[in-house]
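# Examining the three-dimensional arrangement
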Amino acid sequence: MKMIKTVFLLLFFANLVRAQTAERTISGTIKDTKNEVLPGTTVRLLKAADSSLVKGEITDGNGKFQFVNLEYNSYLLSITAIGQKPFTSVALTIDSIHPMISLPVIIMLPAKSVELNEVTVKARKPLMVQEIDKTTINVEAMISSATSNTLEVLEKTPGVSVGSNGEISLNGRGGVLVLIDGRSTYMSGQDLAAYLKSLPGGMLDKIELMDNPSAKYDASGNAIINIRLKKNKTGGFTGNVSAGISVGRYARSNDVLNLNYNYKKVNLFVNLGYGFEKNYSLDTYDRRFYDTSNQLTSKVNLVNKLINKNSLGNANFGMDFAATAKTTLGVIVNLNGGTRNGDFDYNSTNYNADNELNGRGAGNTESTDKRTNTGINLNLLHKLNTTGREFSADVNYLKYKTSANQVLENTAFLPDGLLNSRTRFLYEIPSDINIYTAKADYVHPFKNKMKMEVGLKSSIVDNDFIFNYYDIKGNSQTMDNGKSNHFRYKENVNAAYLNGQKAWRKFGAQVGVRVENTHARGRQLGNEVVEEMTFTKNYTVLFPSVFFNYKLGDKGINTFGIMAVRRINRPNYQLLNPFVFFKDQYTYSSGNPGLTPQYQDRIELKYQHKQFLNMGLSYNRFTDLIFQTTQAVDSIFTSRPENIAKGYMVLLNTNLSVSPTKWWYMNPTLRLSRITTKGAVYTENLNIKLNLVRFEFNNYLTLGKKWNAELGGYFASRDITGQAITGGMYRVNASVQKKIWKGKGSIRLSAEDIFHSWVYHNRSVSLKQSDFSQITKTDTQRIGFAFTYRFGKDTFARKRKYNNNGTDDEKERVSN
């Protein structure tokens, strides 16, 4: 089987690099006056002699079109797009001397009047642009984005779900890799959630959703979400400001200033953001414990209340310098940080099997943590010729520094109310993470719509975590080495990839392979009580990816695709730390240094009809599934990640984009899936079979020249999170916007979770001699208000589109 795969790859790439006879083609790219591509534009090819129709095309997500297999003749292009003036080209002649015509970028003028030094585009960007390989979300089309942080914007993005602890999933697949401007944050879980909360929604330009990334991307993550920050590509000095506030039980704000100066060879940009958030979380637990004969022995009722106050800031500075006509150099500096203060209270009531009071408990945790994140990126793009051959390189340095303190107090009372015990202790939790990455990519296009990509990447991640535990008695503090921990973890990943694309008239193919070698070393430093422990991991894995698509008819408005990929989920660094962390007197958590990576193999069938319908049916098989387990010992629940054998998911995803009238656009999405896990947790079998339903329904209304509105809803049936089944829930959101000052400004009003129905109802599964139920409620019901304003006069500059990863914006996997 391996020999067959090898021969197939060799034959494919041999065909890829072989020179071909030139086809008779006309191709080009269509953009608007803001230098933004125009996907979904209608391009008709007419005979110049009588203007009779030869064939038609719809531009792809990158605004590109191509007509192939043409006869020798003279032609005209007739182009129409919503909100733009119609365009007709001069005569284009295909003959033996000019068999291929590659047009310069075609700029469409807005349908409204155009002032001399300023362009005002009245047409609104579509929220969603769908392609066979990815979906692009235009964040500016979300009215509520100005009152939200980035995590909240993701939560309202079609296809994206955010769990109660900040876990992000895309189209039902968890373990998502989140990129910022094409670069990994190297964060996950609650650390990633905290970082995304520090980015106001007004800083975002687009969100790219990729279910099946090609070999050029890191193999980690079951899917990829690429968040692109705003950068103006027009000449002159421009900027925009947005200020938003939303109020639920508590208030929060998100304020942004974006500046851009583009003159001749230099493009400078600055993004400044500040946010303040006060939030609450209310958890109610009922825990029951049983003997070996399954008879109730005791139960605990637990109420946890957490109030967080966060002050968050973000600054992004960048420069793009066109050193020569073919070489561009770039530098980006990102500063991100903030302070978080938490106040956690719990109250517990303990009963015996006869429901008689055994005792009560109470506790409080006051926490403060300061985060300082620094990122530096240097990038190079060198175009070797005008046909698309290019070399790019990136060097990145990231530093995440956190200093945290937690003071915990626990009190236990006898049934008669007398004090039984009281303890008070302190956690000091500094951490330091340094990340170094370097990558290089080379793109080589061939004739007849063929392309080869190769690249190398190396990353080093150095983690240093300290947990110091102090007993507090009066004014004195005594360190307890038995409950303290110092954990270091260093990981080096080296990768190389080869990716090839070939497109024919109706058929397209892409085959790629990525190889990644991982070497890691973890060390728990010992002390007088704790013995030192070390572990190493070294493995090399191949990640193949195969994509095929086929277009029905000459217009190519119906596209079928089949794709197969392999992905990896490496454990979060902190999940490998064996330290046991105290939350309350009934709840502990720890890591697991024995965790191994989780692998996913996926095959998917896709169908797309224009921008109207997009469907995908996939089979996903998981091995060494990383699962958050819970073990009950006496009355204490300890959560710990484990690898639990295997599982699979069958997923049917259906998305519609339709306009019943000129003023109403709607976007419903339905996801049906079946999840099965097979394995064991401690002594219990974990054989779960669940049928899940997700339904999103978003409506976008144009109520006049200056008014537009949104109304959306989301329903999630039951789901599984660790050893808990979450019940069904829903939410409804609405927003309205009025444009002011000739379209340069806007006033926005939004309402989130109108019925406060986004409440988690969890129940346990496969716990040994115990079970629990839990209700979690947070500050999701909110009213928001925002103001946005664009300033500066744009002078159109046809420079290269700025790219944040040392290469152009990702191109589609199979050329059209």
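Counting starts from 1 at the beginning of each chain's written sequence and moves along it residue by residue. For a predicted model such as this one, the threshold for reporting local features is a pLDDT of at least 70, and the threshold for listing and counting side-chain atom pairs is 80 or more; totals across whole chains, interfaces and linings nevertheless cover every residue. Here the side-chain values reflect all heavy atoms present in the structure, with hydrogen atoms and water set aside.

The helix count covers DSSP runs of H or I at least four residues long, the strand count covers runs of E at least two residues long, and both are numbered beginning at the N terminus. A count of helices and strands for the chain gives three helices and 51 strands. Looking at the chain residue by residue over its 816 residues, the buried ones come to 52%. Long-range contacts, defined as pairs at least 24 residues apart, comprise 66% of the intrachain contacts of the chain with a sequence gap of at least 6. The method behind every accessible area is Shrake-Rupley, applied with a 1.4 Å probe, and residues are considered shielded solely by the protein chains displayed. Element-wise, carbon and sulfur atoms account for 58% of the exposed surface of the chain, whose accessible area totals about 35700 Å². Burial classes: relative accessible area under 20% of the type maximum marks a residue as buried, over 50% as exposed, and values in between as partly exposed (1.4 Å probe, protein chains only). Any two residues whose heavy atoms approach within 4.5 Å at even a single point are treated as in contact.

Of note, S281 is situated in strand 20 (residues 266-290). For S281, a relative accessible area of 17% puts it in the buried group. Non-local contacts of S281, meaning those with residues more than four positions away in its chain, are made with N304, K305, L306, T776, K777 and T778.

Let's shift gears to the pairing of strand 49 (residues 760-764). Burial along strand 49 is one-sided: Y760, N762 and S764 are buried, and none of H761 and R763, which face the opposite way, are. When strand 46 (residues 724-726) meets strand 49, the two strands line up antiparallel, connected through three bridges. Among the inter-strand pairings, A724 is bridged to a residue of strand 49, identified as S764. Each pair of strands is called paired provided DSSP finds at least two bridges between the two strands.

What follows is about the environment of K777. Within the fold, K777 resides in strand 50 (residues 770-778). In this structure K777 comes out as partly exposed when scored by relative accessible area, which is 32%. Spatially, the C-alpha atom of K777 lies 7.6 Å from that of W758, the residues being 19 residues apart in sequence. Setting aside residues up to four positions removed in sequence, K777 forms contacts with Y280, S281, L282, H756 and V759.

Within the largest apolar cluster, 54 residues are counted, with the highest numbers of intra-cluster contacts made by L154, I168, L196, I207, I225, I227 and Y427. Take this core: its biggest share by element is five residues, from strand 25 (residues 419-446). Within this scheme, the nonpolar core is defined by two criteria: the residues are buried Ala, Val, Leu, Ile, Met, Phe, Trp, Tyr or Cys, and they are joined through side-chain atoms within 4.5 Å. In terms of nonpolar packing, the next biggest core, distinct from the first, is built from 17 residues, I79, I94, L103 and M108 among them.

Time to look at a nonpolar patch on the surface. The patch calculation keeps residues exceeding 30% relative accessible area without a salt bridge and links them within 9 Å when they carry like charges or within 5 Å when they are nonpolar (Val, Leu, Ile, Met, Phe, Trp, Tyr). Any Lys or Arg side-chain nitrogen found within 4 Å of a carboxyl oxygen on Asp or Glu counts as a salt bridge. A grouping of F237, Y261, Y263, L268, M319, F321 and L329 is seen on the molecular surface, where their side chains present a nonpolar patch of about 620 Å² in accessible area. Turning to its location among the elements, M319 is positioned in strand 21 (residues 296-322). Residue M319 is classed as partly exposed on the basis of its relative accessible area of 33%.

Strand pairing within a sheet occurs via backbone hydrogen bonds; the two strands may be parallel or antiparallel. Pairing in this open sheet of four strands is mixed, and the strands run 32-33-37-36 from one edge to the other. Sheet topology places strand 32 (580-584) and strand 36 (626-633) at the edges, where each strand pairs with a single neighbour. Neighbouring strand axes in the sheet, compared pairwise and without regard to direction, differ in orientation by 25° on average. As judged from the three bridges shared by strand 33 (residues 587-590) and strand 37 (residues 636-643), these two strands associate in the parallel manner. Residue pairing across strands places T587 opposite F637, the latter belonging to strand 37. For helices, the fitted line uses only the C-alpha atoms of the stretch in contact; every axis is such a line through C-alpha atoms, and the angle between N-to-C directions lies from 0 to 180 degrees.

Let us now look at the packing of aromatic side chains. Under the pairing criterion, centres of Phe, Tyr and Trp rings, with the six-membered ring standing for Trp, must be within 6.5 Å; the plane angle then separates stacked pairs below 30 degrees from edge-to-face pairs above 60, leaving the rest tilted. Within the structure shown, the criterion is met by 33 aromatic pairs. When the centroid spacing of 4.8 Å and the interplanar angle of 40° are considered together, the rings of F560 and Y607 count as tilted. In this pair, F560 is assigned in strand 31 (residues 558-569) and Y607 in strand 34 (residues 598-609), connecting sequence segments 47 residues apart. Each ring, one from W741 and one from F787, has its centre 5.8 Å from the other, and the planes form 80°; the classification is edge-to-face.

Right, let's get into the pairing of strand 47 (residues 729-740). Across 10 bridges, strand 44 (residues 707-716) lies against strand 47 in antiparallel orientation. Bridging from a neighbouring strand, F715 pairs with Y730 of strand 47. Direction of pairing for strand 47 relative to strand 48 (residues 745-752): antiparallel, over a ladder of seven bridges. Looking at the pairing, K739 lines up with S746 of strand 48. Between the end of strand 47 and the start of strand 48, which pair antiparallel, lie four residues, with W741 showing a positive phi angle near 55°.

What follows covers unusual backbone geometry. Only a minority of non-glycine residues have a phi that is not negative, and only a minority of peptide bonds are not trans. Positive phi values are uncommon outside glycine, yet N355 reaches one of about 65°. Position of N355 among the secondary structure elements: in the loop between strand 22 (327-352) and strand 23 (357-383). Under the relative-accessibility criterion, N355 is labelled partly exposed at 45%.

So, about a positive patch on the surface. None of His or the chain ends enter the tally, which takes Lys and Arg as positive and Asp and Glu as negative. For this purpose, a charge sits on NZ of Lys, CZ of Arg, CG of Asp or CD of Glu. The grouping of K646, R674, K678 and K689 at the surface amounts to a positive patch. Position of K646 among the secondary structure elements: in strand 38 (residues 646-656).

In this section: the pattern of salt bridges. As enumerated under the stated definition, the model contains 24 salt bridges in all. Between D369 and R371 there is a salt bridge, with its nearest N and O atoms 3.5 Å apart. Given a relative accessible area of 9%, D369 falls into the buried group. A network of salt bridges, in which partner residues are shared, links D218, K457, R514, E516 and R570.

So, on to the environment of N304. Looking at the element boundaries, N304 is found in strand 21. The class for N304 is buried, based on a relative accessible area of 1%. In this structure the C-alpha to C-alpha distance between N304 and S348, which are 44 residues apart in sequence, comes to 8.8 Å. Dropping the residues within four chain positions of it, N304 is found in contact with S281, L282, D283, Y285, F344, D345, Y346, K583 and D584.

Turning to the environment of I180, a few remarks are in order. Within the element layout of this structure, I180 appears in strand 14 (residues 177-180). Distance in space between the C-alpha atoms of I180 and I207 is 9.5 Å, their sequence separation being 27 residues. If we skip the residues at most four places from it in the chain, I180 touches T185, Y195, L196, L199, N226, I227 and L229.

One confidence number per residue, pLDDT, is output by the predictor and ranges from 0 to 100. Mean pLDDT over the chain stands at 83; residues scoring 70 or higher make up 90%. Contacts for the low-pLDDT stretch residues 1-22, under 50 throughout, to residues beyond four places or in other chains number 29 contacts. Within the model, the stretch residues 113-123 combines pLDDT values under 50 with 19 contacts to residues more than four positions away or in other chains.

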